[in-house]
Each structure stands twice: as C-alpha cells, then as structure tokens.
Amino acid sequence: MTNHCISHIKDVDGICSAALAVAANGGTFRLTDYDELFFELDNIPEATESLVLCDLGTDATRFGEFVERLANLQKRMQVTYIDHHFLTEEMRKSLQSLPIRLVHDTTECASMLTYLTFRSRLPAGAGYLALYGAVTDYLDASPTAAKMMERFDRQFVLLECTMLSYALANNAGEYPYLENVVAELVAMKKPHAIKMVSELALGQLVVVDELAGLVGKKGVQLGRLAYMETEESSTGNVAKLLLGAFDVVVGVSYKRKDGDRSEMSLRGTSECRVHLGQAISEIAGRYGGNGGGHQKAAGCSIPTEKVLPALEELSSRV
Ligand SMILES: [Mn+2]
C-alpha cells in the first residue's frame, strides 16, 4: 500500500501526527496550513493508495468544497481523516456520510488520535509523540492523555515537547528543516537529540523574554481584547503575552504574509465568552479569510485590510 499523509505544519501536534502516521504506515508526507490545504489535496502523489489527513479542518465557508474533495479522493484511495477541530452536527454528518474512516474527537489532540488509530503498528516510544501533541495543544488533561502520562516521566515529556515547540516557533516554518524533524521523529528520536532543536529552543526563549517587554508598549487594547502586529513567527506567543500585559480576555497577534494577507493568532482566557475557533471561523469567512481552532486558541488567515474590522467585531463579542 502506497501511503501519503497531509498534516498541519503549524505546531507540535501537526508535526507529531505526521510522524505517527508515517511511522505506522510508511510513505510520503506533506505539511501544510489551512490556506494551502486544498492545493495539497489536489496534488497528492499519483500512486497514493491510502491518504491520512491529520489536524487540519476547514471553516464553514469552504466546508462543502472540502467534503467534495474527500468524496472524489476516496474513489481513488482509502481516506482516513483524523482531526479534533470543532465541527457542527451538520458538518459531522456530511463527513460521516462519506465512505472514509473518520476519527474525530475534540477532547483529544490530533497526535493522540493518530496514535490510537495506528497503535498496533507503532513502535515502542510512539506514546511520547502522542503526549508531545497533547501537552502543547493543552489537551493533556484528557482521560487518555492523563492516564498515559502516569507511565511517563512527566517532566521529561514537558521539557522535550516544549523544546520542540520553541524550536519550531524559532524556525519560522522553514520547510526542509521541518521535513527533517518529522523524519527524525519517525525514527523515534527525542527532540533534544534532533539537530538544532536545543539551539533553536534556547534562541526562542530569549525572543519570548524580550517580546514580553515589547507587547505592553506595542499592543493596542480594544475593549476586552488586545492586539498587536508582529514580525515574529511565533504569533501564538505574542497573543498569549498580550493577555497578561493588558489583563484582557483575548489576545490577538497578526503578521503580514506575502501578498495582501495576514496570519492571525488568537488566545483567550476562561473568561472569554465565545468559542474563539468558532467565532473567528465565522468572522474571517465573511471577510474573505479562513480559519478556526479551539475554545481558547485559534488562528486564521485574512486579507490585511480586514484585520481591524474583524477585530472590532470580535471585540464586541468576547
Ligand atoms: Mn492540533
């Protein structure tokens, strides 16, 4: 069976999901973001007989097109779709109506779901990858992850996955490096033993420490929300730092990308009154963008000129 995996490029959970899928099934993989997801689905290697799609969802505006693509793909290959992003009941039903293997659970991270799906074919040590994703996606309190963690040295897991997360943030998504990281994780190497991970992680600690001082000066408060434009690759870190600097319930950072689009990261506290992933998916969709995510952590890509109108709208809801 010729396998191909498409997984989320953005974080430890996506990277570890890809590594788990390849460790279990072999074959090729591509890492991508929401913007390029359809491109990747349209450019799967010709010989592929089995596709595993991990940690990537679409917002409501593009969902129909997404389902259509999966429906066409399953005529040529087996399709396994593993994800934990929010789905409405209607969206879930339309995915369930396809002859694909759907593994969807919002209470676990994608790495844990990928681990559980392919468990019987995975080597010893694969559990680490599931836990790396769980910790960095804030889903290590789930019953499965919590139980699993009891059999690991918790601090070892926390240190390894935090190093990996910081290294990825510092690396700014440089593709050949990420490909190498996945290949090393497939071989069950620990992050500390992967080339440049410790150096990049230490560098990122310095960056985040400096950023903490900067966000208070550069950030702007908009009601219960604070935002800031940044050049940093780690937009999630900036969003999180804004929460503390302004004592608000939602922090948003955005970064201009090529063309006229911006990439936005959102982080919320438990006092935020909306599901950030659902809210930004809906708002960004109306402004010609797309995105989604979780209750307290979400992201989107949106035309740069629509950033402020979208933030004003979000601010009135949170
Ligand atoms: Mn995830």
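Scope of this entry: the structure provided in the associated data block. All values reported here derive from a predicted model rather than from experimental measurement.

1. Re the packing of helix α10 (residues 197-218) against helix α11 (residues 235-246)
So, step 1. α11 packs onto α10 with a crossing angle of 50° between their chain directions and a minimal axis gap of 9 Å. Our classification of the angle between α10 and α11 gives oblique. When the axes of α10 and α11 are compared, the crossing they make is right-handed. Only N237, V238, L241, L242 and A245 of α11 make contact with α10, whose side of the interface consists of V208, L211, A212, V215 and G216.

2. Digging into the pairing of strand β8 (residues 250-256)
So, step 1. The element β8 is largely enclosed, with a buried count of five among its seven residues.
So, step 2. Here strand β7 (residues 225-229) pairs with β8 via five bridges, running parallel. Note on β8: the bridge partner recorded for L225 is V250.
So, step 3. Read from β7 through α11 to β8, the crossover connection turns out right-handed.
So, step 4. As paired strands, β8 and strand β9 (residues 261-268) are joined by seven bridges and run antiparallel to one another. Bridging across to β9, V250 finds its partner in G268.
So, step 5. The turn linking β8 back onto β9 is made up of four residues, and G259 within it adopts a positive phi angle of 75°.

Here is what the cut-offs are and how they apply
- Along every chain, residues carry numbers that run from 1 in the direction the sequence is written.
- Selection of residues for local features in this predicted model requires a pLDDT of at least 70, selection of side-chain atom pairs for listing and counting requires 80 or more, and totals for whole chains, interfaces and linings are taken over all residues.
- Throughout, an axis means a line fitted to C-alpha atoms (over the contacting stretch in the case of helices), and angles, computed between N-to-C directions, take values from 0 to 180 degrees.
- Under the scheme used here, helices are H or I runs from DSSP no shorter than 4 residues and strands are E runs no shorter than 2 residues, and both carry numbers assigned from the N terminus.
- An angle below 35 degrees is read as roughly parallel, one above 145 as roughly antiparallel, one from 65 to 115 as roughly perpendicular, and any other as oblique.
- Here a crossing is taken to be left-handed if its near helix is turned anticlockwise relative to the far helix by less than a right angle, and right-handed if that turn runs clockwise.
- Contacts here follow a simple rule: the backbone-placed C-beta atoms of the two residues must lie within 7 Å.
- To sort residues by burial, count the other C-beta atoms lying within 10 Å of each one's C-beta; a count of 20 or more means buried, 12 or fewer means exposed, and anything in between means partly exposed. C-beta atoms are built from the backbone.
- Between any two strands, pairing holds if DSSP finds at least two bridges.
- Look down the strands so they point away from you; if going from the first strand over the helix to the second traces a clockwise path, that crossover is right-handed.

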